[in-house]
Structure formats: structure tokens, C-alpha cells
Amino acid sequence: MVSLLDIIGPVMVGPSSSHTAGACRIGLLTRALCGGTPERALIELHGSFAKTGEGHGTDRALVGGLQGFQPDDGRLRDALELAATTGMQVTFATTKLRDVHPNTARLTVERDGQQVIVVGSSLGGGRIAVCEIDGLAVDLSGEYPTLVIVALDQPGTLAAITAELAADGVNVASVRVSRNRPGGVALHLYELDGLPIPEVVALLAELPAVRTVRLLEQVS
Amino acid sequence: MFDSLEQALALAQEKQISLGELALQKETERGTRTRAEIEAGLRRALGVMRDARARGLTGEVRSVSGLVGGDAHKVANSPRGPLHGTVFSEALAGALAVQEVNAAMGVIVAAPTAGAAGVLPGVLLALADRAQASEAAMVRALAAAGLIGAVIAQRASLSGAEGGCQAETGAAAAMAAAAGVELLGGTNAEADGAVGLAMQGTLGLVCDPVGGFVEVPCVFRNATAASIALAGIEMALAGVRIPIPTDEIIDAMAEIGRTMDVRYRETAGGGLAATPTGRRLARGRLGPVRGG
């Protein structure tokens, strides 16, 4: 059900909730997935993002999000210049992606020698969905705190993870597991109703099958 | 929030409260935010609206493409118009100002959308200045506007891509009409009347932005929508009523939106966007994101 502050709001940098606020959120989620402001970013724009991106400030909003600016941060307008002064290397290109929303971008970002590739779509009204991480299909809204876990595709991994969350009293709102091939690497996404304590996040990282754990706070 | 305005009006009647107060109570009942938090959120929105208007009125604001900007300042300062010095002219200038700031990647309140963000502050702030309204009264007026927007969202749409500009600046005019009547101390029946009278004036309005950008005609259309909201308020407070219930007018807007050709729903495929000059401006001023 729609809330009063959704109608009188959000407070945001113009001109478009889908092309500006949504693009900023895609940048923020990508930043969270790579653990901070990336050193390098290749931003490939698809569809309406490619066609009308500049006039809507989509490019600035994506790069602003990567730097941690929120959708209501007046610095979004100067995000490209600010990125240049901090040494962040940004490259733009246009692309054609298959079976995605018209407002979609693929971001390939690098930080501390690690690379993450994120495909995110702006669905309208500022809402977003990340539909691919490192080539694996996901559906991530950023509306909930989310655990992103890369683990070996082994029996019992899901149960072990949810057991730790249950012990901490954290409720799982949704869960999605995808893998590149049977027995390969699996990507787990847990959308949560609350934030687990840091000790639990550390315990999850020590589970035998788990490679990496990343906790994303809500991107609102 | 409410499936129909009729339902909201009946409940407000029963409780003997205004639509704005009803909206605040109903939102509090949801339980996700306290009453104080909701009011703080609306006060923050008011502050952002005031700042955006002030920035736009300086005349220093230019859109990213350079197509729009500086017009709010002209309206606010020109003595030549027949309405100069009236609340009407101030509302026009305010609506232009906020929408120019939006086009310039400034901070605004989407109300209900970014593309229609100028209408409500244009009308509300101009009326509040004149009436020297209290912050609490303005918060209630914003809440009344939110209630109207929520009913339109429920029964029709608040997206130009779905319903044309009637769903954006049209909805904003309806919201501003309710806010204006609430602020001026009118009755709920008068607020309902103003909403219906404003909405009938924007039915069928297409979304035809040049180049697909929220600039031309969006900035001007926010000002004309503000004028329609004021016309609704003026007529309703004089006792005028359109003999079609507001819920049915909203349903008509939904029906028109559903059957509106895709060219007129934010695709820049028809209307002003498809005029020879509209096409030329789109080519000349704005382009795809450049590499590097």
C-alpha cells in the first residue's frame, strides 16, 4: 500500500525518478557490492539509459552512487568532476543487453584488485532491481538489508547459513540461490528483515563452503 | 491508504476532521512511522520545496541541456502581465521555479513525481505566503494532497509512461487543489469539489517531452497545471461543483490513460516532441552519453 511520504516524496535530485534517482541507487548498490568506492568503473548503458542518459543526468547519477552519494545529494550534478578529482577512472559506453528493462546499465567495477560486474535496472519511481551479479541471475531490490554470499555449490550450505541467521533472531524475507554449474560456485542472496550482528557475519565467512560474505545495508 | 475519495470523505465526516488530519491519522495507523516522524517528513518536504523555489526564482538556474531556465524569475519580476502581484502570478512563478530546479539536477520533492514537482509547491507556498499560514497548517495541507495522490495511484496511475501527463501534472493539480482548500480553511466537500474541477481540466493531457527530457514542455506545463489548480480552488470555494463524483473522474482518467496511444506516454513519439522543431531541438541540444 502506498504511503503518504511516497506521494509527497521522495526528496531527490531531478530531473527523473527513473533516470536519476534510480540510476543513483544502482550506483549505490554496486558500490556496496564491491565494498566501497571503486577505483575503476566501466559503465555500459542500455536502451533508454543510452538514448536519453545525458539529458537526465543518468551518467552523473550512476557515478554519484558509486561514490556513495544518496539520491537527494546535491553533489550528484557534479559527480563526474568529483570522481575525476578523487582519481576514480570512469569509462562510458553504450551496449545492447538481451531481455532486460529499457532503463538498464552494466557496471564493471574494480576495487582492491577485485572485480564485480553488476547489471541493474531502474523500474520507475526510483525503484531498482539488480538482475545479474558476475554473470549469475539475481533479483535484488536494495529495499532490505541483504547478505550476498559466494559459496561452493555443496549440500547443506543453505541450511548452515540460515541456521546462523536463525540463532541471531534475524528473519529472512526472501532467499535466492543461483550457480554457474552443478558443483561449481553458487551466489546466495538473503534479503533480511534486520541486520545480523557482526559476529554472525564473521561466523558465516568461516563456514567451510563459503568463499565471501558481504552485508549490504538497505539502499533507500 | 484509501480505495476511494468517497470512503475517505465519509470517514472524515464521521470523525469530524479535515482530509489532511485524516491522512495523518491513517498514515500513523500503518505503524511503520510515528505521527511525529510523519510530520517531520512532511516538514522536511516543505523545507526542500521552499529552498527549490527560492533557488529557481534567482533566475540563475539552467537545465543540463540548456533548453530551460530563468523563466520563473521573469514571471516573478515582470510588471506587464494582467495578474502581476497576485497569488495567481506567484503560484505560476513558484511552479516554474521548482521545475526549473528539477531540470537543472537540483534537489526537489517528487510530488507526486519529479516531472510534476512544481505544481504543489507553486500553489501551496503562494497561498501560504498570503495567508501567513502556520507550519502545522501547511503540513496538514500537504497530507491532504498526499491523500488525493494516493487515491489516484490506487484507482488510476501517477506515471506519464502509463497515463500521460494527466497522470503527472494533472494529478499534481488535483493534489494542489485539495491542499489549497485545506490551507484556506475550506470544508472537505469544497476540497473534493476543487479536486474534481481541477482534474476535469487536465483529462486527456498527453506526455510529449521534447527529446524525452523533463524540460519542454514539462516546466511550462507545471505552471499551467498550477493555474488549473487555482481555478478549481476558486470555483469550489464559491460553491461550484462538477456533477460527476471525483472517484468517477479519476476512473475516467484511468480509462483515458489505458487507451492513450503509446506516442503520448513519455516516449517522445508524438505531440510537441514530434513537431519539426521538437525533433530538431532533440537532435541539436541533447545526445547519448559520450564515451570517456
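Residues numbered from 1 in each chain as written. Chains lettered and ligands numbered in written order. Predicted model: local features only at pLDDT ≥ 70, side-chain atom pairs only at ≥ 80, totals over all residues. Heavy atoms only, no water.

Can you walk me through the overall build of chain B in this structure?
In terms of helices and strands, chain B carries 13 helices and one strand. Helices (α) and strands (β) of chain B occur, in sequence order from the N terminus, as α-α-α-α-α-β-α-α-α-α-α-α-α-α. In terms of overall dimensions, chain B is globule-like: its C-alpha atoms have a radius of gyration of 18 Å, near the 19 Å expected for 292 residues. Projected onto its principal axes, the C-alpha coordinates of chain B cover approximately 60 × 40 × 40 Å. The contacts in chain B between residues at least 6 apart in sequence include a share of 75% that link residues at least 24 apart. When the accessible surface of chain B is split by element, carbon and sulfur atoms take 52% of a total near 11300 Å². For chain B, the centre of its 26 positive side-chain charges and the centre of its 29 negative side-chain charges are spaced 9 Å apart. (Helix = DSSP H or I, 4+ residues; strand = E, 2+ residues; numbered from the N terminus. Rg over C-alpha atoms; globule rule 2.2 N^0.38 Å. Contact = heavy atoms within 4.5 Å. Areas by Shrake-Rupley, 256 points an atom, 1.4 Å probe, with all protein chains shown as cover. Lys, Arg positive; Asp, Glu negative; His and termini not counted. Charge placed at Lys NZ, Arg CZ, Asp CG, Glu CD.)

What should I look at first to understand the overall build of chain A in this one?
A tally of regular secondary structure across chain A gives seven helices and eleven strands. Scaling as 2.2 N^0.38, a compact globule of 220 residues should have a C-alpha radius of gyration of about 17 Å, and chain A matches this with 17 Å. Overall, chain A is about 50 × 40 × 35 Å in size when its C-alpha atoms are taken along their principal axes. In chain A, buried positions account for 52% of the 220 residues. Taking the contacts inside chain A whose residues are at least 6 apart along the sequence as the reference set, 67% of them involve residues at least 24 apart. Of the roughly 9300 Å² of accessible surface on chain A, a fraction of 49% belongs to carbon and sulfur atoms. One finds the centroid of the 17 positive side-chain charges in chain A at a distance of 8 Å from the centroid of its 24 negative side-chain charges. (Buried < 20%, exposed > 50% of the residue type's maximum accessible area, 1.4 Å probe, protein only.)

Explain the environment of B:A282 here, please?
The residue B:A282 is located in helix α13 (residues 276–285) in this model. Each C-alpha atom of the pair B:A282 and B:P209 lies 9.6 Å from the other, and the pair is 73 residues apart in sequence.

For this particular structure, what's the right way to read the confidence of the model for chain B?
In low-pLDDT regions, the fine details of the predicted coordinates are not to be read closely. All names here are of chain B. Averaged over all residues, the pLDDT of chain B equals 95, while 97% of them reach at least 70. Counting interchain partners and residues more than four positions distant, the pLDDT-below-50 stretch residues 287–292 has 17 contacts. Model confidence for the complex: the whole-complex pTM is 0.88, and ipTM, which rates the interface, is 0.94. (pLDDT = per-residue confidence, 0-100.)

Would you explain the pattern of salt bridges in this entry?
Oppositely charged side chains may form a pair once their charged atoms are brought near each other. Counting across every chain of the model gives 16 salt bridges over all chains. For A:R179, the salt bridge identified is with A:D153, shortest N-O distance 2.9 Å. With A:R179 in strand β9 (residues 172–179) and A:D153 in the loop between β8 (146–152) and α6 (157–167), the pair connects residues that are 26 residues apart, well separated along the chain. Residue A:R179 is classed as partly exposed on the basis of its relative accessible area, which comes to 44%. Take A:D153: its relative accessible area is 21%, and that puts it in the partly exposed class. Between B:R30 and B:E27 there is a salt bridge; the shortest N-O distance is 3.6 Å. Residues joined by salt bridges that share partners form a network here, namely B:E21, B:R35 and B:E39. (Salt bridge = Lys/Arg side-chain N within 4 Å of Asp/Glu carboxyl O.)

Just to check I follow, could you spell out the pairing of strand β2 (residues 40–46) of chain A for this structure?
The two faces of a sheet get side chains in turn, since along a regular strand they alternate between them. Residue and element names in this part refer to chain A. Summarising burial for β2: five of the seven residues are buried, a large majority. In the sheet, β2 pairs with strand β3 (residues 89–95) via seven bridges, with the strands oriented parallel. Pairing of A41 across the sheet is with V90, part of β3. Note that β2 and strand β4 (residues 103–111) share seven bridges and pair antiparallel. From the neighbouring strand, H46 faces β4, where its bridge partner is T104. (Pairing = 2+ DSSP bridges.)

Quick question: what am I supposed to make of the interface of chain B and chain A here?
Often the size quoted for an interface is simply the accessible area lost on bringing the parts together. Counting residues at the interface gives 51 residues for chain B and 35 residues for chain A. At the boundary of chain B with chain A, total buried surface from both sides reaches about 3300 Å², with 63% on carbon and sulfur atoms. The partner of A:D72 in a salt bridge is B:R44, with the nearest N and O atoms 2.6 Å apart. Seen at the junction of chain B and chain A, the total is ten residue pairs in polar contact (both at pLDDT 80 or more). Every element with two or more residues in the side of chain B that touches chain A is listed here: α2 (19–29), α3 (35–57), α5 (87–103), β1 (107–109) and α7 (135–155) of chain B. Looking at the side of chain B that touches chain A element by element, the count peaks at eight residues for α7(B). Of the residues belonging to the side of chain B that touches chain A, the class tally is 33 nonpolar, eleven polar and seven charged. Bridge analysis of strand β1 (residues 11–13) of chain A against β1(B) gives three bridges, and the strand direction is antiparallel. What sits directly across from A:V13, in β1(B), is B:V107. (Buried area = accessible area lost by both parts, 1.4 Å probe. Polar contact = N/O pair within 3.5 Å; in protein donor to acceptor, adjacent residues only side chain to side chain. Nonpolar A, V, L, I, M, F, W, Y, C, P; charged D, E, K, R; others polar.)

I'm lost on the side chain of A:H56 in this one. Help?
In this structure, A:H56 sits in the loop between α3 (47–52) and α4 (58–66). When neighbours within four sequence positions are excluded, A:H56 is seen to be in contact with A:P15, A:S16, A:H19, A:T20, B:G212, B:F213 and B:V214.

Could you clarify how one ought to interpret the sheet that holds β8(A) in this entry?
The strands making up a sheet associate through hydrogen bonds between their backbones, and the pairing can be parallel or antiparallel. All names here are of chain A. What the four strands build is an open sheet, ordered β9-β10-β8-β11; its pairing is antiparallel. A strand with exactly one partner marks an edge of an open sheet, and here the two such strands are β9 and β11 (210–216). Here the strands of the sheet are splayed against their neighbours by 15° on average, with no regard to which way each runs. Packed onto the sheet, α6 meets β8, β9, β10 (185–192) and β11 and runs at close to 25° relative to β10. (Axes fitted to C-alpha atoms, helices over the stretch in contact; angles between N-to-C directions.)

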